[in-house]
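Geometric and topological summary
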Amino acid sequence: MKSKKMLLGVALIALGFTSCKDEKETQAEKTVDMYVVYVDSLGKVADAKTNWQAIDAGYQMKTSEAEAALANLKNKEKAQEKVDASKAKFDDLKAKVEADMEAEKQATDAANPKQKLRNNLFGEGKVGDDMNFSWVNKDNILKVYETFFQSYKDNKSNFSREDYDEVKLMYEALDSRKNTVEKEGLSSSDNGEIAEIKFKFAPMFKVNRIGAKSREMEKAKE
């Protein structure tokens, strides 16, 4: 009698494990199928490039969930094929969206060369026609100066005299913002490094600007 009870108990435990495992597999299959549907839906988004950053972040999260679900499948080959196919679809979509974004950026740059210059010196969309530097604070101002100076050095040989005039306006606007930031608690170490950048930039800019003017005068004579 005891033996029968033990066998029955073992059988129930085994059945419980099987049921639990089946439930995990079922859920894993659902997760993979939902992932496939999710990726398919991204291709129907009307203007994906507008919210591409959020779309890409959501995709990465869903991909992690699908890949984790694969571990709960006995026969994962077909599920893996589904996941891989959806990844390929997303890669195609990403390539198309990024190509559209680049084309749009180039069109914008061509229509507004001054904005292209600002983007190069401070980052995409950081500074507009209003020359607003309110986004610069005591924590990022040193990085802003460093980015500006490095980009200036990398591109100065391509600047026209008009470009140098625009650079001068932006630099003065950034310096004006620095005066405000200093009152907000700019660290002495950051202030010192900014002073070094300003010390290097001033004479360099003066010489480069004169050079650009001379080049334009020479071209005008040709």
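The preceding data block contains the structure.
Now for a quick tour of the structure.

Rules of the game
Residues numbered from 1 in each chain as written. Predicted model: local features only at pLDDT ≥ 70, side-chain atom pairs only at ≥ 80, totals over all residues. Heavy atoms only, no water. Helix = DSSP H or I, 4+ residues; strand = E, 2+ residues; numbered from the N terminus. Buried < 20%, exposed > 50% of the residue type's maximum accessible area, 1.4 Å probe, protein only. Contact = heavy atoms within 4.5 Å. Areas by Shrake-Rupley, 256 points an atom, 1.4 Å probe, with all protein chains shown as cover. Phe/Tyr/Trp six-rings, centres within 6.5 Å; stacked < 30°, edge-to-face > 60°. Lys NZ or Arg CZ within 6 Å of the ring centre and 35° of its normal. Core = buried A, V, L, I, M, F, W, Y, C linked by side-chain atoms within 4.5 Å.

Comments concerning the overall build of the chain
From N to C terminus, the chain includes seven helices and zero strands. When burial is assessed residue by residue, the chain has 29% of its 222 residues classed as buried. In the chain, of all internal contacts separated by at least 6 residues, the share reaching a separation of at least 24 is 74%. Within the structure as shown, the chain displays about 14700 Å² of accessible surface, and the carbon and sulfur contribution to it stands at 55%.

Regarding unusual backbone geometry
Positioned with a positive phi, methionine 131 is a non-glycine residue whose angle comes to about 55°. Checked against the element boundaries, methionine 131 lands in the loop between α4 (113-122) and α5 (141-155). We classify methionine 131 as buried; its relative accessible area is 19%.

Thoughts on the packing of aromatic side chains
Throughout the structure, instances matching the rule amount to 17 aromatic pairs. Taking 4.3 Å as the distance between ring centres and 40° as the angle between the ring planes, the aromatic pair formed by tyrosine 171 and phenylalanine 201 counts as tilted. Of this pair, tyrosine 171 sits in helix α6 (residues 161-182) while phenylalanine 201 sits in helix α7 (residues 188-221); the two residues are 30 residues apart in sequence, bridging distant segments of the chain. Three or more aromatic residues joined by ring pairs form one cluster here, namely Phe122, Phe133, Trp135, Phe148, Phe149, Tyr152, Phe159, Tyr164, Tyr171, Phe201 and Phe205. If you follow lysine 62 out to its NZ or CZ, it ends over the ring of tyrosine 38, 5.7 Å from the centre.

Here we look at the nonpolar core
The tendency in soluble globular proteins is for nonpolar side chains to be buried side by side. Counting 28 residues, the largest nonpolar core has Leu121, Phe122, Tyr152, Val167 and Phe201 as the members making the most contacts within it. Sorting the residues of this core by element identifies α4, α5, α6 and α7 as the ones contributing at least two each. Look past the residues within four positions of tyrosine 152 in its chain and what remains in contact with it is Leu121, Phe159, Tyr164, Val167, Phe201, Met204, Phe205 and Asn208. With 19 residues, the next largest nonpolar core counts Ile55, Tyr59, Ala69 and Phe90 among its residues.

Section: the environment of threonine 180
Among the secondary structure elements, threonine 180 is positioned in helix α6. On a C-alpha basis, the gap between threonine 180 and lysine 138 in space is 9.4 Å, while along the polypeptide they are 42 residues apart.

So far we have only geometry, and geometry alone does not tell us how the molecule works.
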